[in-house]
Amino acid sequence: MTLDIQSPSLTLALIGTGAMGRGIAQIAAQAGITVLLHDAQAGAAEKAREAVIATLAKLAEKGKIPADAVTAAAQRLKVVARLEELATAQVAIEAIVENLEVKRALFKQLEEIVGPDCVLATNTSSLSVTSIAAACQRPERVGGFHFFNPVPLMKIVEVIEGLRTAPWVGEALLALGRRMGHTAVRTQDTPGFIVNHGGRGFVTEALRVLGENVAPFHDIDRIMREAAGFRMGPFELMDLTGMDVSQPVMESIYHQYYQEPRYRPSPLATQRVAGGLLGRKTGRGFYTYADNQAQPIAEPAVPQARPARVWVSAAVPEWGKAVHELVVALGGVIDAGSRPAADSLCIVTPLGADATTTCLAQDLDATRTVAVDCLFGLAKRRTLMSTPLTTAAMTDAAHGLLASDGVAVSVIADSAGFVAQRIIACIVNIACDIAQQGIAAPADIDRAVALGLGYPKGPLSFGDALGGRNILAILEAMQDFYGDPRYRPSPWLKRRARLGVSLLTGAAD
Ligand SMILES: NC(=O)c1ccc[n+]([C@@H]2O[C@H](COP(=O)([O-])OP(=O)(O)OC[C@H]3O[C@@H](n4cnc5c(N)ncnc54)[C@H](O)[C@@H]3O)[C@@H](O)[C@H]2O)c1
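Keep in mind that what you see is a predicted model, and the values were worked out from it rather than measured. (Residues numbered from 1 in each chain as written. Predicted model: local features only at pLDDT ≥ 70, side-chain atom pairs only at ≥ 80, totals over all residues.)

1. Things to note about the sheet that holds strand β6 (residues 142–146)
As summarised here, the arrangement of the eight strands in space is β3-β2-β1-β4-β5-β6-β7-β8, forming an open sheet in which the pairing is mixed. The open sheet has two edge strands with one neighbour each: β3 (77–79) and β8 (183–188). Strand-to-strand twist across the sheet, computed as the mean angle between neighbouring axes with direction ignored, equals 25°. Contacts from helix α6 (residues 167–179) reach β4 (91–94), β5 (119–122), β6, β7 (156–161) and β8, with the element oriented near 175° to β7. (Pairing = 2+ DSSP bridges. Helix = DSSP H or I, 4+ residues; strand = E, 2+ residues; numbered from the N terminus. Axes fitted to C-alpha atoms, helices over the stretch in contact; angles between N-to-C directions. Contact = placed C-beta atoms within 7 Å.)

Here it is as structure tokens:
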């Protein structure tokens, strides 16, 4: 195969000039590639060309690109009215409507027009590349080329290899993605590919935490932002994306994997769609919006109460020590006995377990026991949970003391894995299973999810940073408590955690 992706005369056909087509055309033209723009709707391709040139002109005005780059890119963008005029293209990228039959019909037609070695790529985000390719006489030249919106800013592209895609086609698309300035990752043709598959844990587990009445949605968001370091909480994200978009994706991936419990959606989402509470676009989702700004939700008042004495469990020695030091720093009185005195507040530091289970395992008085999440450190927002029997006075005293240095405290109901532990463990577990299935290489899973979803770290690196063994322990404790196969650890995680190696460790050569 003689396709030279780096050639200065490379010509790309771009079919479908909506939001995605425009973005792809922009970065291709900026990379020195000639782009033939075509759209079924009369005038749409011309409009797209003008819009891309206007965007580039704005970038030049801001000094982000040289002024002559605008003229050069404009010369490379050519509108063609008829599909037949795409005959000279060496690569064709389709970004038309997300409909399998329409895409199959287009690819069949394209095959009659372009040369025998022209690569045919689809930007589909949810359809099977294999199925689109099956409509072609030469399915081996068809691959997926999945960009994210907005294309110029989301610097990641998934190259999807269908069952019959030839290796050189994957290689060519990887090289093309890189030439366009993006990180290109290779993935098998599976539902959700890497990014939309890897993102399942964040929102579905957050909805589950909410559905279990563990904490209000805004507290879950605050914990995920401030303690776990996400740019946006899961409910803010759902409001931004729109529940009319998020809920069908949750359903689709769940059913495409034959009701895999790890991806199980929540009835809370379905009901929100039915009620029209879609998010920012309807002015009301989880949050209420005025002028596109979420109405602020006040933090609960910090109680003035303080515990008489504090006994800290040493069951997890380093966390016991960290809480002990914090209590001392906050001016609390430590009960240093091996067993708590009759009036002491008891603090436990579980990993994966809930406060009740931990309290019973350590034979403590449930009316005086609270749990603190130490996995993310104690310097940022702290999560405090109580057992169903913990008295309000004890919870208030713990809250008052732990918030007395100005660090916010979220007080939640009892939950195996608190909030952040369980959501992150689900994210890491799903990424591990993507690796286990051989859908993509571990480093590509990490890069794609971090870039595509804006996570603070790739999910496998996140697991490494928190400790693979800790993630495994959280999932095992949750599976034990809930009896739900949703939390069963992936074999990838189990083996690497037990061996004490990085979750990015592939199979030995
Ligand atoms: N919007 C996103 O966030 C996003 C992200 C990743 C992938 N995608 C995928 O990219 C594709 C396009 O998405 P979009 O948001 O740009 O859609 P869009 O609706 O904004 O644009 C689609 C364009 O394709 C044209 N079109 C429709 N059928 C055609 C045909 N048979 N031949 C030629 N032109 C045709 C339409 O006139 C329209 O201009 C879809 O497959 C979508 O799933 C979208």
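2. What about the nonpolar core?
In terms of nonpolar packing, the biggest core is built from 157 residues, with Leu-12, Leu-14 and Ala-92 touching the most fellow members. The greatest single-element share of this core, amounting to twelve residues, is contributed by helix α16 (residues 420–436). (Core = buried A, V, L, I, M, F, W, Y, C linked by C-beta atoms within 7 Å. Buried ≥ 20, exposed ≤ 12 C-beta atoms within 10 Å, placed from the backbone.)

3. With respect to the site of the ligand
In the vicinity of the ligand lie 23 residues, with Gly-16, Gly-18, Met-20, Ala-40 and Asn-149 positioned nearest. Counting residues per element, the ones that place at least two in the shell around the ligand are α1 (19–30) and α4 (100–113). When residues of the shell around the ligand are assigned to their parent elements, the largest contribution, three residues, is made by α1. Among the residues making up the shell around the ligand, the classes are represented as twelve nonpolar, nine polar and two charged. (Near = placed C-beta within 6 Å. Nonpolar A, V, L, I, M, F, W, Y, C, P; charged D, E, K, R; others polar.)

4. Quick word on the environment of Gln-362
As for its placement among the helices and strands, Gln-362 is situated in the loop between α14 (355–361) and β13 (369–372). Judged by C-beta crowding, with 16 C-beta atoms within 10 Å, Gln-362 ranks as partly exposed. Along the primary structure Gln-362 and Ala-87 are separated by 275 residues, whereas in three dimensions their C-alpha atoms are 74 Å apart.

5. Structural notes on the packing of helix α18 (residues 459–466) against helix α19 (residues 468–482)
Axis separation between α18 and α19 bottoms out at 5 Å; the angle between their running directions is 95°. Taken together, the axes of α18 and α19 lie roughly perpendicular to each other. Counting all contacts with α18, which are made through Gly-463, Asp-464 and Leu-466, the residues of α19 involved are Gly-468, Asn-470 and Ile-471. Here the residues of the contact of α18 with α19 sort into two nonpolar, three polar and one charged. (Parallel < 35°, antiparallel > 145°, perpendicular 65-115°, else oblique.)

6. Points about helix α11 (residues 243–256)
With 14 residues, α11 extends 19 Å between its outermost C-alpha atoms, agreeing within 8% with the 20 Å of an ideal straight helix rising 1.5 Å per residue. Of the positions making up α11, those classed as buried are Met-243, Ser-246, Gln-247, Met-250 and Ile-253. Buried residues in α11, looked at end-on, bunch into an arc of 140°, giving them a common side. Once α11 finishes, Tyr-258 follows within two positions and takes phi at roughly 50°, a positive value. (Expected span 1.5 Å × (residues − 1). Arc of directions from axis to C-beta.)

7. Some remarks on the domain arrangement of the protein
Domain boundaries assigned for the protein yield domain 1 (11–189), domain 2 (195–299 + 422–509) and domain 3 (310–407). Counting residues at the interface gives twelve residues for domain 1 and eleven residues for domain 2. Of all the secondary structure elements, the ones that give two or more residues to the side of domain 1 that touches domain 2 are β7 and β8. Ranked by the residues each element gives to the side of domain 1 that touches domain 2, the list is headed by β8, at five residues. (Domains from an automatic or database assignment.)

8. Concerning the pairing of β13
Residue alternation in β13 divides its side chains into two sets, Thr-369 and Ala-371 and Val-370 and Val-372, and both sets are buried. One ladder, built from three bridges, connects strand β12 (residues 345–348) with β13; its direction is parallel. Within the sheet, the bridge partner assigned to Val-348 lies in β13 and is Ala-371. The parallel pair β12 and β13, bridged by α14, forms a crossover whose chirality is right-handed. Where β13 meets strand β14 (residues 382–386), three bridges bridge the pair, whose relative direction is antiparallel. Residue Val-372 lies in a different strand from β14, and its bridge partner there is Leu-384. (Right-handed = clockwise from strand over helix to strand, strands pointing away.)

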